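Notes for the structure review
Chain residues, written in single-letter form:
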Amino acid sequence: MLDIRIIREQTDRVKARLRLRGGDGWQSIDEVLSLDESRRKAETEKQSLQSERNRVSRDIGIAKKQGGDTAGVEARMRAIGDRITQLDREAGELDARQEALLLGIPNLPHEACPEGQSAEDNPEVRVWGAKPDFKFEPKDHVTLGKSLGLFDFESAVKITGSAFVVYRGQGARLERALINFLLDLHTREHGYTEILPPFLVNAASLTGTTQLPKFSDQLYHCPEDGLYLAPTAEVPVTNLHRDEIVDTASLPIKYTAYTPCFRREAGAAGVGTRGLIRMHQFDKVELVKITLPDQSMEELEKLTADAEKVLQLLGLHYRVIELCTGDIGFGSAKTYDIEVWAPGQGTYLEVSSCSNFGDYQARRMKLRYKDPETKKNVFAHTLNGSGTALARLYVALLETCQREDGSIALPAALQAYFGAAEIRG
RNA sequence: GGAGAGAUGGCUGAGUGGUCGAAAGCAACGCUUUGCUAAAGCGUCGUAGCCCUUAAAGGCUACCGAGGGUUCGAAUCCCUCUCUCUCCGCCA
């Protein structure tokens, strides 16, 4: 959520930054401002009447104790009370509309975010490794998985539906090995604290991390209980500190969490048609940071590096791109995407999106720290990124590490976790 | 699912219609003193919004789990909801 004061005081700059996103978010700025003005007017009148009521009511109490007749004043106060009720309703309604609009306005792209209209304009930041050179025609992961018996989609269709998968045997073990490898890497080598959160979350949490109210169509919802399946561990983990004033000395807070992620993928093209690449449920190990404002950009670089380390240790070729203003996510001020090479697909697959949200999420969830200098409560900065998503990592791993005979040669870093050096049918 | 109890400031905990934003204690912070690894005295010590200000200062309003209601006036009375605890039931 944007700071209404900044919208008030730097209207032109706010609009200009929002325009760089290419959407129509900036168009509601004028409406927000006019609501804000009406709201404050109603508020001010209400408060001065409340002040009068407080004062007179006190006098009535005193007069009554002395046996005075207060019927006349009481009648007048009744009228003022009615007016207060009316103004309160007005102010409340204006406030709700202003809040609703503000929740629908995306974050301002950071000055460091490259300008551009669409994904076409995303600059490549760096490349690690190179596309593997196969002496044979590499197979895709669906073919490899089928011949090795690692997973199957038909069973998932029977028990659930399309775009779900059942891992079996060595396939299930590989998924588990990857999860353990990732969590150990981030906790032991990178200093993150492991969290195992609930997979169902409430509406307040989803509002805090921006999935609600705007993206409700992407969420699985249990209306009887008011709960949603978490689309990413970002939601439960960042919201651990919602409505808190965190100890300044504890910053930066660094969490990592494994969770399955549930996404309806409404309107997404090709759901369920390309193997493991886009699923309604997939595993992910997430990285979340809460930092001081002046450290968040530096922490974003570190977080991205922590995610990249995964691919380096697994020997998977990848590139890092920076999302331009026209392509960054709703709440993000700056984002790096990490894309791993999948030889069987002949494309790069996004396995991590590392974002600095500035104070945008923190303001929504009232996540603050006390500035030791000024003694004021200040909104912290929040960051997150996948470290990494599992399904696509699995795809890249199978397709990169395949041998001509269809077996998989596991990277050294994974062998102890998997309990073998290779996968054979 | 059934029955009961409860929810007050960082914590403990008073307060059942009228200067209560809220006693007291603890913790924290600052100063002073004694001196030593602790103690005493004094002071400060919630959050947010609005107004006025370049700002500081100041004024006002709201908040005692959440939302409604009664009343001139609500932490206090009434209703609904949420959460916590205890017991029963069910259950991995």
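Residues numbered from 1 in each chain as written. Chains lettered and ligands numbered in written order. Predicted model: local features only at pLDDT ≥ 70, side-chain atom pairs only at ≥ 80, totals over all residues. Heavy atoms only, no water.

Quick look at the overall build of chain A now. Each helix and strand counted, chain A has 13 helices and 18 strands in total. Taken along its principal axes, the extent of the C-alpha atoms in chain A is 100 × 45 × 40 Å. Expressed as a percentage of its 425 residues, the buried residues of chain A come to 49%. Considering only contacts within chain A whose residues lie at least 6 apart along the sequence, 73% involve residues at least 24 apart. Split by element, the accessible area of chain A, about 19900 Å² in all, is 48% carbon and sulfur. Of the charged side chains in chain A, 54 are positive and 62 negative; the average position of the first set lies 4 Å away from that of the second. (Helix = DSSP H or I, 4+ residues; strand = E, 2+ residues; numbered from the N terminus. Buried < 20%, exposed > 50% of the residue type's maximum accessible area, 1.4 Å probe, protein only. Contact = heavy atoms within 4.5 Å. Areas by Shrake-Rupley, 256 points an atom, 1.4 Å probe, with all protein chains shown as cover. Lys, Arg positive; Asp, Glu negative; His and termini not counted. Charge placed at Lys NZ, Arg CZ, Asp CG, Glu CD.)

The next subject is the domain arrangement of chain A. Looking at chain A, the domain boundaries give domain 1 (4-103) and domain 2 (119-423). Relative to domain 2, the C-alpha centre of domain 1 lies at a distance of 43 Å. With four residues of domain 1 in contact, the opposing surface of domain 2 contributes ten residues. Summing the contributions of domain 1 and of domain 2, the shared interface buries around 580 Å²; its carbon and sulfur component is 44%. Considering only the surface of domain 1 that becomes buried against domain 2, Leu20, Arg21 and Leu103 emerge as the three largest contributors, covering 90% of it. (Domains from an automatic or database assignment. Buried area = accessible area lost by both parts, 1.4 Å probe.)

To continue, consider the packing of helix α2 (residues 11-19) against helix α3 (residues 29-65). Closest axis-to-axis distance for the α2/α3 pair is 11 Å, and the angle between their directions is 145 degrees. Judged by residue contacts, Thr11, Val14, Lys15 and Leu18 of α2 engage Ile29, Asp30 and Leu33 from α3. (Axes fitted to C-alpha atoms, helices over the stretch in contact; angles between N-to-C directions.)

Moving on: the packing of helix α7 (residues 169-189) against helix α12 (residues 390-401). Close contact between α7 and α12 brings their axes to 11 Å; oriented N to C, the two are set at 110 degrees. Between α7 and α12, the angle is such that the two are roughly perpendicular. The two elements α7 and α12 cross, and the hand of that crossing is right-handed. Counted together, Gly171, Leu174, Glu175, Leu178, Ile179 and Leu182 of α7 and Leu390, Leu393, Tyr394, Leu397 and Leu398 of α12 form the full contact between these two elements. Of the residues that constitute the contact of α7 with α12, the class distribution is nine nonpolar, one polar and one charged. (Parallel < 35°, antiparallel > 145°, perpendicular 65-115°, else oblique. Left-handed = near helix turned anticlockwise from the far one by under 90°. Nonpolar A, V, L, I, M, F, W, Y, C, P; charged D, E, K, R; others polar.)

Here the focus is the packing of aromatic side chains. What describes a pair of aromatic rings is the distance from one ring centre to the other and the angle between the planes of the rings. Scanning all chains against the criterion turns up ten aromatic pairs. Arranged with centres 5.3 Å apart and planes meeting at 70 degrees, the rings of Phe134 and Phe136 form a pair that is edge-to-face. The class for Phe136 is buried, based on a relative accessible area of 18%. Members of the aromatic cluster, joined through ring pairs, are Phe151, Phe153, Tyr167 and Tyr394. Above the face of the Trp341 ring, Lys131 is positioned so that its terminal group lies 4.5 Å from the ring centre. Above the face of the Tyr192 ring, Lys254 is positioned so that its terminal group lies 4.8 Å from the ring centre. (Phe/Tyr/Trp six-rings, centres within 6.5 Å; stacked < 30°, edge-to-face > 60°. Lys NZ or Arg CZ within 6 Å of the ring centre and 35° of its normal.)

Glancing now at the sheet that holds strand β15 (residues 377-379). Backbone-to-backbone hydrogen bonds join strands into a sheet, with any given pair of strands oriented parallel or antiparallel. The strand order β8-β14-β15 describes an open sheet built from three strands, whose pairing is mixed. Of all strands in the sheet, those bounded by a partner on one side alone are β8 (245-246) and β15. As paired strands, β8 and strand β14 (residues 368-370) are joined by two bridges and run parallel to one another. Within β14, the residue paired with Val246 across the bridge is Tyr369. (Pairing = 2+ DSSP bridges.)

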